[in-house]
Amino acid sequence: MAVKLQGFEFWKTTLRGARYVVAPMVDQSELAWRLLSRRHGAELCYTPMLHAQVFVRDANYRKDNLYGEVCPEDRPLITQFCANDPEVFVQACLLAQDYCDAIDLNLGCPQMIAKRGHYGVFLQDEWELLEKMVKLANEKISVPITCKIRVFNKMEETVQYAQMLEKAGCQLLTVHGRTKDQKGPATGIASWGHITAVRNAVNIPVFANGNIQHLSDVEQCMEETGVQGVMSAEGNLHNPALFEGLSPPVWEMAEEYLEVVSQYPPCTLSYVRAHLFKLWHHTLQIHKDLREELAKVKNLQGLTEVSRQLRLRCQEAGQVVGLPFPHWICQPYVRPVPKDPVANSNGTEVKAVRHKRALSLEDSDGASDALSKNKQKKKARNPHKNFCPEQKPKYIKCEQCGNPKGNQCVFNLCRGCCKKKAYKEVADCPSHGLKFKTKAEKQKSEREEEGKSRGLQEEGGFLPGLAPLGLM
Ligand SMILES: Cc1cc2nc3c(=O)[nH]c(=O)nc-3n(C[C@H](O)[C@H](O)[C@H](O)COP(=O)(O)O)c2cc1C
């Protein structure tokens, strides 16, 4: 068995000393996007976060999210999981280890879904559990284990946290310099001070995450914090050539991406659409008809055609005032400042700082006064809808996976688990619209009817395959 490299050796050799890193992004760091980013300077990519429990129990999920995306150009690659059970986490790691260079544990997701599912940043205070998970994975799996964390308010606590993970066996640490509460309108800026403190306190490689929109930010961050690499999420989504220090026309990136999508294993259409929305963000503010078209089309050709139309319009148009570059140049999105300043968890007011947009998966749940576009749409449909997390009804968990269960599910499960059970047991669940039993009974009675009429025909002296006399 090959020797498992550790810490700096692992970073230098297996990860080839990667400095430019594309973040794990649910629905967005899929194979095609990773390949595009690698062609434009990214040296290491992460898969989107995968659910360890689902990965263990569902072969299709493994195929769709990892096994089916294997590609030699897509290395080095780190697979990220969310998990809260050491045994399940290790089982998932064992099933994934042959398809990647390391496994990352997500300890940073601050979304409501992570709170309900008890993972991500909501494990930040459960040091004993985290220690067990990292230790067991480090002992049992053949590739190194890494972690991605958010910082605590207190620098000292952040440092102790990082040291605890290192001691448990973590071989590389990504530090997102925002706290659990820095999300939505309170996102604010990431603290490079916290990242520097962690860098100085551990003996494993550290990646910095947060506040990266241009190559100059990458360089400044590495110089200020002393980290080995810098990870970008939203900056990369708006400009996949960020690590090259270029700001190409959007159509160049969009067309190259669409080409990669068509050359590699099928990519979920909603991911492609979401990428095009982000790339074309500024132009779509102007060409609103094409925005609607982009939301409506139902296949890859349709998306490609909208992108082509956008290019033609840009090539015909002149410069539009109000943006640092023409709108068709890849550039960071600067979130509008909320009307009422919000205090972040450090107690500081978040106002004129450049705001990360509420579209971000990690950010999208905290919004209350500045609603995300999706929430605005929901509100337009239902003006009484309440987005305040405290006042939301508490969800009852699915007995199998912990996701919210269906309101009146006969099995007390979520839709996915219910469908599997209902299929296996040939049962119905009206609340989930599943009719396996009804369909089976219908088929049975049809078969019986068929049998009866065939019997009658045979009784009447007809031979199978021969039409009755009266019909000849
Ligand atoms: C669309 C999107 C999806 C994300 N999904 C994940 C994820 O799966 N796992 C994770 O650890 N962080 C996820 N994040 C958070 C990013 O990895 C990153 O930590 C955060 O956006 C801050 O980096 P940035 O300032 O470069 O955007 C996601 C962010 C975005 C924008």
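My aim in this report is to walk through the structure given alongside it, one point at a time. (Residues numbered from 1 in each chain as written. Predicted model: local features only at pLDDT ≥ 70, side-chain atom pairs only at ≥ 80, totals over all residues. Heavy atoms only, no water.)

Quick look at the site of the ligand
Working step 1: Neighbouring residues of the ligand: 21 residues in total, closest V26, Q80, K148, N209 and A233.
Working step 2: The separation between an oxygen atom of the ligand and a polar main-chain atom of P24 is 3.1 Å.
Working step 3: The side chain of N106 places a nitrogen or oxygen atom 3.3 Å from an oxygen atom of the ligand.
Working step 4: Within the complex, 97% of the 600 Å² of free accessible area of the ligand lies under protein. (Near = heavy atom within 4 Å. Polar contact = N/O pair within 3.5 Å; in protein donor to acceptor, adjacent residues only side chain to side chain. Areas by Shrake-Rupley, 256 points an atom, 1.4 Å probe, with all protein chains shown as cover.)

Overview of unusual backbone geometry
Working step 1: Residue P76 follows R75 across a cis peptide bond; omega there is -5°.
Working step 2: Within the element layout of this structure, P76 appears in the loop between α4 (59-65) and β3 (77-82).
Working step 3: You will see that N211, though not glycine, has its phi angle at about 70°, which is positive.
Working step 4: Structurally, N211 can be placed in the loop between β7 (206-209) and α10 (215-225).
Working step 5: At V426, a residue that is not glycine, the phi angle is positive and equals roughly 45°. (Helix = DSSP H or I, 4+ residues; strand = E, 2+ residues; numbered from the N terminus.)

A look at the sheet that holds β7
Working step 1: The eight strands are arranged β1-β2-β3-β4-β5-β6-β7-β8 in a closed barrel whose pairing can be described as parallel. On average, each strand axis in the sheet is tilted by 25° relative to the strand beside it, whichever way the strands run.
Working step 2: The pairing of strand β2 (residues 44-51) with β3 spans five bridges and is parallel. What sits directly across from L50, in β3, is F81. (Pairing = 2+ DSSP bridges. Axes fitted to C-alpha atoms, helices over the stretch in contact; angles between N-to-C directions.)

Concerning the packing of aromatic side chains
Working step 1: Inspection of the entire model under this criterion finds eleven aromatic pairs.
Working step 2: On the basis of an interplanar angle of 85° and a centroid distance of 6.2 Å, the ring pair of F55 and Y67 is categorised as edge-to-face. Residue F55 is located in helix α3 (residues 52-57), and its partner Y67 is located in the loop between α4 and β3; the two are separated by twelve residues in the primary sequence.
Working step 3: Assessed through its relative accessible area of 0%, F55 is described here as buried.
Working step 4: Residue classification places Y67 among the partly exposed positions, given a relative accessible area of 25%.
Working step 5: Ring centres of Y423 and F436 lie 5.6 Å apart, and the angle between their planes is 75°; on these two criteria the pair is classed as edge-to-face. In this pair, Y423 is assigned in helix α18 (residues 415-424) and F436 in helix α19 (residues 436-459), connecting sequence segments 13 residues apart.
Working step 6: In this structure F436 comes out as partly exposed when scored by relative accessible area, which is 23%.
Working step 7: An aromatic cluster of three or more residues is present, and its members are F55, Y61, Y67, F81 and Y99.
Working step 8: Above the plane of the ring of Y20 lies R19, whose end atom (NZ or CZ) is 4.7 Å from the centre.
Working step 9: Positioned above the aromatic ring of F411 is the side chain of K421, whose terminal nitrogen or guanidinium carbon lies 5.3 Å from the ring centre. (Phe/Tyr/Trp six-rings, centres within 6.5 Å; stacked < 30°, edge-to-face > 60°. Buried < 20%, exposed > 50% of the residue type's maximum accessible area, 1.4 Å probe, protein only. Lys NZ or Arg CZ within 6 Å of the ring centre and 35° of its normal.)

Some points on the packing of helix α2 (residues 31-39) against helix α12 (residues 250-263)
Working step 1: Where α2 meets α12, the axes come as close as 9 Å, and the angle between the chain directions of the two elements is 130°. Regarding the angle of α2 to α12, the classification is oblique. Crossing hand, α2 versus α12: right-handed. Along the contact surface, α2 presents A32, W33, L35, L36 and R39, while α12 presents M253, E256, Y257, V260, V261 and Q263.
Working step 2: A per-class count over the contact of α2 with α12 returns eight nonpolar, one polar and two charged. (Parallel < 35°, antiparallel > 145°, perpendicular 65-115°, else oblique. Left-handed = near helix turned anticlockwise from the far one by under 90°. Contact = heavy atoms within 4.5 Å. Nonpolar A, V, L, I, M, F, W, Y, C, P; charged D, E, K, R; others polar.)

Examining the nonpolar core
Working step 1: Residues F89, L165 and L173 are the most contacted members of the largest nonpolar core, which totals 107 residues.
Working step 2: When residues of this core are assigned to their parent elements, the largest contribution, eight residues, is made by α12.
Working step 3: Here this core spans two domains, since at least three of its residues come from each of domain 1 (7-246) and domain 2 (247-334).
Working step 4: Other than its neighbours up to four places away in sequence, L165 contacts L107, L130, V134, C147, I149, C170 and L173.
Working step 5: One finds C398, C401, F411 and C418 within the second-largest nonpolar core, a separate group that totals twelve residues. (Core = buried A, V, L, I, M, F, W, Y, C linked by side-chain atoms within 4.5 Å. Domains from an automatic or database assignment.)

Concerning helix α13 (residues 269-279)
Working step 1: Of all eleven residues making up α13, eight are buried, and the element is well covered by its neighbours.
Working step 2: Along α13, the positions that sit buried rather than exposed are Y271, V272, R273, H275, L276, F277, K278 and L279.
Working step 3: Taken together, the buried residues of α13 touch α2, α11 (234-238), α12, α14 (281-286), α15 (288-296) and α16 (300-316).

Side note on the pairing of strand β4 (residues 102-107)
Working step 1: Of all six residues making up β4, six are buried, and the element is well covered by its neighbours.
Working step 2: The alternating pattern of β4 places A102, D104 and N106 and I103, L105 and L107 on opposite faces, both of which are buried.
Working step 3: In this sheet, β4 lies alongside β3 in parallel orientation, the contact comprising four bridges. Looking at the pairing, I78 lines up with A102 of β4.
Working step 4: This β-α-β element, β3 to helix α5 (residues 86-96) to β4, shows right-handed connectivity.
Working step 5: As defined by bridge partners, β4 adjoins strand β5 (residues 145-150) across five bridges and the pair is classed as parallel. Counted as the bridge partner of I103 is I145 from β5. (Right-handed = clockwise from strand over helix to strand, strands pointing away.)

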